[in-house]
Amino acid sequence: MLLLKNVSKWFGGLPALQDVSFGVPRGRITALIGPNGAGKSTLINCISGVDTTASGQILLETRPIERLPAHGIADLGVARTFQNLKLFARLSVLDNVLTGLTVAAERSFFRSMLRLPALRTQERQLRLKALEALDDFGLAEKANWPAGALSYGEKKRVEMARAFVGDPRLVLLDEPVAGLNADETARIARHIRQKRGAGHTMLLVEHDMELVMDVADQVVVLDSGRCIAGGSPEAVRSNPLVLDAYLGRMEATA
Ligand SMILES: Nc1ncnc2c1ncn2[C@@H]1O[C@H](COP(=O)(O)OP(=O)(O)OP(=O)(O)O)[C@@H](O)[C@H]1O
């Protein structure tokens, strides 16, 4: 589905990503782990076009996307959530999810302008789709609440509903359970597994190793901008390089 070839990125002369190469297979969950500052968010930003890639190639199916702007990449079916929630607090929960559909809707806007009844039908269909996405994430009854009035855990689920609403080809999840309690984390894990069961492809950045080991099909490990290991969750968990760079350190501070 997605292939990264020697992706590099610098910030003011300091390398954030160095020659990162790996693949994200279709219908699977690939987890990206590593210590703080390893480059995980930078990589997600490069894939989604929020950041520009300095060198290397990012192929979606076979199409290079590393020079496309964020909206062009979204248009190709790459959706994401953000580590720091990016919801419109005063808009309703439903309208927030609708923003995940605007790319597709805008494409047919001018066509629809010529046929007003068709535009109304389309709007009804979009709202229905957004409601279904909210229902998937257990939030249908709060569709008309202002997003700012929801709990932190609910906001995280709205972000996920917005990412999945347009049936994306690939979803980038940036720390979906950061700051959540055990119950909320288990709930998100359930949703992630459901989406995988429905055939979705995901790249999951997460520090919660229990979640990663639970849901991931393969794990890629970044350290100081370099890919230091990759493989099944079991293989990565017992890899001495990974234990030394990340997992061992986590246990030491737990
Ligand atoms: N906009 C920026 N300007 C300058 N340096 C940046 C910027 N964004 C990230 N960096 C640097 O790039 C490196 C990688 O950061 P990044 O946020 O991608 O790491 P991360 O693995 O996502 O960390 P965390 O787990 O803490 O979120 C770090 O050294 C960071 O300080």
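If you check an unreviewed UniProt entry, the protein appears there as ABC transporter ATP-binding protein from Desulfosarcina widdelii.

Caption draft 1: Representation of the nonpolar core. Among the nonpolar cores identified, the biggest contains 47 residues, and Ile33, Val97, Leu134, Leu173, Ile192, Leu204 and Val219 are the most heavily contacted of them. Of the domains in this structure, domain 1 (1-77 + 168-254) and domain 2 (88-167) are the two that each give at least three residues to this core. Residues in contact with Ile192, not counting those within four places in the same chain, are Ile29, Met160, Leu173, Pro176, Met202, Leu204, Leu211 and Val215. In terms of nonpolar packing, the next biggest core, distinct from the first, is built from 26 residues, Leu17, Ala38, Leu60 and Leu222 among them.

Caption draft 2: How the structure looks around the sheet that holds strand E4 (residues 55-60). If you walk across this open sheet you meet the four strands as E2-E1-E4-E5, and the pairing is antiparallel. In the strand order of this sheet, the two ends are held by strand E2 (14-24) and strand E5 (63-64), each with one partner. Relative to E2, strand E1 (residues 2-11) runs antiparallel, the two sharing seven bridges. Looking at E2, one finds that Val7 is bridged to Val20. Running over the sheet, helix H1 (residues 40-48) touches E1, E2 and E4 and is turned about 115° from E1.

Caption draft 3: View of the packing of helix H7 (residues 152-164) against helix H8 (residues 182-197). Contact geometry of H7 with H8 gives a least axis separation of 10 Å together with a crossing angle of 10°. Comparing the axis directions of H7 and H8 gives the class roughly parallel. Residues Gly153, Lys156, Arg157, Met160 and Phe164 of H7 form the contact with H8, whose own contacting residues are Glu184, Arg187, Ile188, His191, Ile192 and Lys195. Across the contact of H7 with H8, the residue classes break down as four nonpolar, two polar and five charged.

Caption draft 4: Spatial organisation of the pattern of salt bridges. With the rule as written, the count across this model stands at ten salt bridges. When the shortest N-O distance is used, the salt bridge between Arg80 and Asp174 registers 3.8 Å. Placement of Arg80 in strand E6 (residues 78-80) and of Asp174 in strand E7 (residues 170-174) is noted, with a sequence separation of 94 residues between them. Where Arg127 meets Asp95, a salt bridge forms, and the shortest distance between an N and an O atom there is 3.8 Å. One end of the pair, Arg127, is in helix H6 (residues 116-136); the other, Asp95, is in helix H3 (residues 93-98), and 32 residues separate them in sequence. What makes Asp95 partly exposed here is its relative accessible area of 27%. Three or more residues joined by partner-sharing salt bridges are found here, namely Arg26, Glu61 and Arg169.

Caption draft 5: Main features of the site of the ligand. Lining the immediate surroundings of the ligand are 13 residues, of which Gly37, Lys40, Ser41, Thr42 and His207 lie closest. The contact in question runs from an oxygen atom of the ligand to an N or O atom on the backbone of Gly37, over 2.8 Å. A total of three residues in the shell around the ligand trace back to one element, the largest contributor, which is H1. A class-by-class count of the residues in the shell around the ligand yields four nonpolar, seven polar and two charged.

Caption draft 6: Region of interest: the confidence of the model for the protein. Overall, the prediction assigns the protein a mean pLDDT of 90, with 90% of residues at 70 or greater. Mean pLDDT in the protein bottoms out at helix H5 (residues 109-113), which sits at 54, and peaks at strand E8 (residues 201-205), which reaches 98.

Caption draft 7: Spatial organisation of the sheet that holds strand E3 (residues 29-33). One open sheet accounts for six strands, arranged E6-E7-E8-E3-E9-E10; its pairing is mixed. The open sheet is flanked by E6 and strand E10 (226-231), the only strands paired with a single partner. When the angles between neighbouring strand axes are averaged without regard to direction, this sheet yields 20°. Two strands pair when backbone bridges link them, and E3 and strand E9 (residues 218-223) are joined in this way by four bridges, in the parallel orientation. Across the sheet, the residue bridging to Ile33 is Val221, located in E9.

Caption draft 8: Structural context of the pairing of E9. Buried residues dominate E9, accounting for five of its six residues. Inspection of the sheet shows E9 paired to E10 by five bridges, in the antiparallel sense. Bridging from a neighbouring strand, Val221 pairs with Ala229 of E10. Connecting E9 to the antiparallel partner E10 that follows it, the hairpin turn spans two residues, and Ser224 within it adopts a positive phi of roughly 50°.

Scoring rules and cut-offs
Residues numbered from 1 in each chain as written. Predicted model: local features only at pLDDT ≥ 70, side-chain atom pairs only at ≥ 80, totals over all residues. Heavy atoms only, no water. Core = buried A, V, L, I, M, F, W, Y, C linked by side-chain atoms within 4.5 Å. Buried < 20%, exposed > 50% of the residue type's maximum accessible area, 1.4 Å probe, protein only. Domains from an automatic or database assignment. Contact = heavy atoms within 4.5 Å. Pairing = 2+ DSSP bridges. Helix = DSSP H or I, 4+ residues; strand = E, 2+ residues; numbered from the N terminus. Axes fitted to C-alpha atoms, helices over the stretch in contact; angles between N-to-C directions. Parallel < 35°, antiparallel > 145°, perpendicular 65-115°, else oblique. Nonpolar A, V, L, I, M, F, W, Y, C, P; charged D, E, K, R; others polar. Salt bridge = Lys/Arg side-chain N within 4 Å of Asp/Glu carboxyl O. Near = heavy atom within 4 Å. Polar contact = N/O pair within 3.5 Å; in protein donor to acceptor, adjacent residues only side chain to side chain. pLDDT = per-residue confidence, 0-100.

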